[in-house]
Amino acid sequence: MPLAIKPLIDLADTDRDLQTYIYARSHLERQIDTARSVVDQHQKSIEQKNNELEILASECKEVRNNIQMQEELISRLDGQVPKIRNEKEFAASKNQLEEARKILGMMEDKMLNLDLKKEDLEKEIETIKSQFDESNSEFQRETSGLLKKQEQAEKKIAKLQPRRTRLLKKVPQKIKRFYERCQDSGISTPICAIQDRSCSGCHTVLLPQLVNELMANANSHKNCPNCSRILYFPETEEK
Ligand SMILES: [Zn+2]
């Protein structure tokens with residue numbers, strides 16, 4: 001016949017393992033995050049520069065359109081020259097053409113500036129991209145072990161969590177409530193074994209009477225007088 005205390009011990013063991021893996025997981029997460037921060041920084045600055053490039057490209061497009069329109073205006077003005085009939089019209093046409101060519105020149109200067117800026121920005125992006133690739137492969141190298149460990153912890157947690165739920169259903173309601181109250185208030189091991197005649201949760205030395213009572217009946221449990229954890233007598237302690 002299985003011991004009534006057995007589900008409680010199993011639950012305590014499962015919880016202890018679960019906590020170990022949960023702690024390991026968050027520790028690994030922090031380590032991985034730290035290693036990733038350099039890569040993230042490069043990634044972010046690539047995105048930023050690409051946005052700048054996009055803005056610059058649309059500016060270039062606008063200026064190019066304006067240049068085209070200006071060139072069309074000039075060729076229209078040029079086409080009107082043979083139809084000129086007098087000095088006055090000739091002077092007016094000359095002025096218009098000069099003015100249009102001057103504006104075109106300014107637009108072309110602007111275009112040149114934008115092209116240079118674009119070129120610089122593209123070079124900068126290339127540099128950041130190679131820095132990103134470098135830091136990324138370094139990150140992969142550094143963290144491949146950590147990522148594997150994280151994956152293992154994740155798998156263990158996925159197995160232990162449903163096991164915990166299953167075990168918790170097996171214990172009496174009263175103990176279950178006590179158990180949950182303890183964990184809510186930060187006691188992660190509400191059930192613990194007697195070790196060296198002490199509570200293994202708070203390390204208080206227990207009265208011989210209590211130890212003897214639990215030793216005599218392996219199927220029973222009592223609360224620790226100091227921390228009120230549920231105490232049981234482990235089989236190995238008898239030897
Ligand atoms: Zn205790």
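Where an unreviewed UniProt entry is consulted, the chain appears under the name C4-type zinc ribbon domain-containing protein, with the organism given as marine metagenome.

Looking now at the side chain of D15. With respect to the helices, strands and loops of the structure, D15 is situated in helix α1 (residues 6-80). Under the relative-accessibility criterion, D15 is labelled buried at 2%. Apart from residues lying up to four places away in sequence, D15 is in contact with R164, Y179 and Q183.

Right, let's talk about the side chain of H42 for a bit. Its location among the elements puts H42 in helix α1. If sequence neighbours within four positions are ignored, H42 has contacts with I128, Q131, F132 and S135.

Another aspect to go through is the nonpolar core. Ranked by size, the top nonpolar core spans 16 residues in total, and within it L8, L11, I191, I230 and Y232 carry the most contacts. Within the residue set of this core, elements represented by two or more residues are α1, α2 (87-170), α3 (173-184), β1 (191-195) and β4 (230-232). The residues touching I191, leaving out its near neighbours within four places in the chain, are L8, A12, Y179, I230 and Y232. Listed in part, the 15 residues of the second largest apolar core include C60, V63, L104 and L114.

Tetrahedral coordination by four donors puts the ideal angle at the metal at 109.5 degrees, and octahedral coordination by six puts it at 90 or 180 degrees. Within the protein, the atoms that donate to the zinc ion are C199 (SG), C202 (SG), C224 (SG) and C227 (SG), at distances of 2.2 to 2.4 Å. Around the zinc ion sit four donor atoms; with metal-centred angles ranging over 105 to 112°, the donor geometry is tetrahedral.

Turning our eyes to something else, we now look at the domain arrangement of the chain. Domains assigned within the chain are domain 1 (10-161) and domain 2 (176-238). Each of domain 1 and domain 2 has a C-alpha centre, and these two points are 62 Å apart. Listed by partner, the interface residues are four residues for domain 1 and four residues for domain 2. The three residues of domain 1 that bury the most area against domain 2 are A12, D15 and Q19, which together make up 69% of that side's buried surface. For the pair domain 1 and domain 2, the interface holds zero salt bridges.

Cut-offs and rules
- In this convention, every chain numbers its residues from 1, walking through the sequence in written order.
- In keeping with the model being predicted, local features are shown solely for residues with a pLDDT of at least 70 and side-chain atom pairs are shown and tallied solely at 80 or more, while totals for entire chains, interfaces and linings include all residues.
- Remark: hydrogens and water are excluded; side-chain values derive from all non-hydrogen atoms of the structure.
- The helix count covers DSSP runs of H or I at least four residues long, the strand count covers runs of E at least two residues long, and both are numbered beginning at the N terminus.
- Whether a residue is buried, partly exposed or exposed follows from its accessible area with a 1.4 Å probe, protein chains only, as a fraction of its type maximum: under 20%, in between, or over 50%, in that order.
- Contacts were defined at the residue level, with two residues in contact if any of their heavy atoms lie within 4.5 Å.
- For this analysis, a nonpolar core means a set of buried residues of the types Ala, Val, Leu, Ile, Met, Phe, Trp, Tyr and Cys, connected via side-chain atoms within 4.5 Å.
- Sites may look incomplete, because water is not among the atoms used; the donor set itself consists of N, O and S atoms within 2.8 Å of the metal (3.2 Å for Na, K and Ca).
- Only four donors with every angle between 85 and 135 degrees are called tetrahedral; only four or six donors with opposite donors over 155 degrees apart and all others between 65 and 115 are called square planar or octahedral, in that order; all others are irregular.
- Boundary definitions for the domains trace back to an automatic or database domain assignment.
- Buried area is understood as the total, over both parts, of accessible area removed when two parts are fitted together, assessed with a 1.4 Å probe.
- Here a salt bridge means any side-chain nitrogen of Lys or Arg lying within 4 Å of a carboxyl oxygen belonging to Asp or Glu.

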